[in-house]
Amino acid sequence: MKMSNKMEELFNAARINELLHRKEEDEKKKNCVLWILAVIGAVAAVAAIAYAVYRYFTPDYLEDFEEDFEDDFDDDFFDDTEEKDVKEENNEDVVDVKKAEVKEEKEEKEESKEEK
């Protein structure tokens, strides 16, 4: 009996030892994965900072181009509308003149009828 108890204790100790080693191996794997993720995160952070610094110090050449283009466009746009306004005013003047001429002709006809 004593022998069997000792044997059982030995087997139990071996099982416990195996379980402990498994847990240690699992922790090592998890630790390794965490280190890999930490390194990837650090590299990504450094890359983001480098990009931000690059964008801050690099001049924006496109902005100058857009400003020039917008100025030209605005000038053209306003010139066109001013020309249209002038044309419309001229058209209104022409219409007013024609109306006045028609009135004068009517008045002349009426006067000539009255004289007869």
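A few points on the structure. (Residues numbered from 1 in each chain as written. Predicted model: local features only at pLDDT ≥ 70, side-chain atom pairs only at ≥ 80, totals over all residues. Heavy atoms only, no water.)

Attention shifts here to the overall build of the protein. Scanning the protein from terminus to terminus reveals two helices and zero strands. Put simply, the protein has 116 residues, and 0% of those count as buried. Here the protein has roughly 11800 Å² of accessible surface; of this, 58% comes from carbon and sulfur atoms. (Helix = DSSP H or I, 4+ residues; strand = E, 2+ residues; numbered from the N terminus. Buried < 20%, exposed > 50% of the residue type's maximum accessible area, 1.4 Å probe, protein only. Areas by Shrake-Rupley, 256 points an atom, 1.4 Å probe, with all protein chains shown as cover.)

Right, let's talk about a negative patch on the surface for a bit. Together, Glu 101, Glu 104, Glu 105, Glu 107, Glu 108, Glu 110, Glu 111, Glu 114 and Glu 115 line one region of the surface with negative charge. Mapped onto the elements, Glu 107 comes out in helix H2 (residues 61-115). Residue Glu 107 is classed as partly exposed on the basis of its relative accessible area, which comes to 47%. (Patch = residues over 30% accessible without salt bridge, like charges linked within 9 Å, V, L, I, M, F, W, Y side chains within 5 Å. Salt bridge = Lys/Arg side-chain N within 4 Å of Asp/Glu carboxyl O. Lys, Arg positive; Asp, Glu negative; His and termini not counted. Charge placed at Lys NZ, Arg CZ, Asp CG, Glu CD.)

Together, Val 33, Leu 34, Ile 36, Leu 37 and Ile 40 make up a nonpolar patch on the protein surface, roughly 490 Å² of accessible area in all. In this fold, Ile 36 is placed in helix H1 (residues 2-57).

The next subject is a positive patch on the surface. Judged by side-chain charge, Lys 99, Lys 103, Lys 106, Lys 109 and Lys 113 come together as a positively charged surface patch. Within the fold, Lys 103 resides in helix H2. What makes Lys 103 exposed here is its relative accessible area of 56%.

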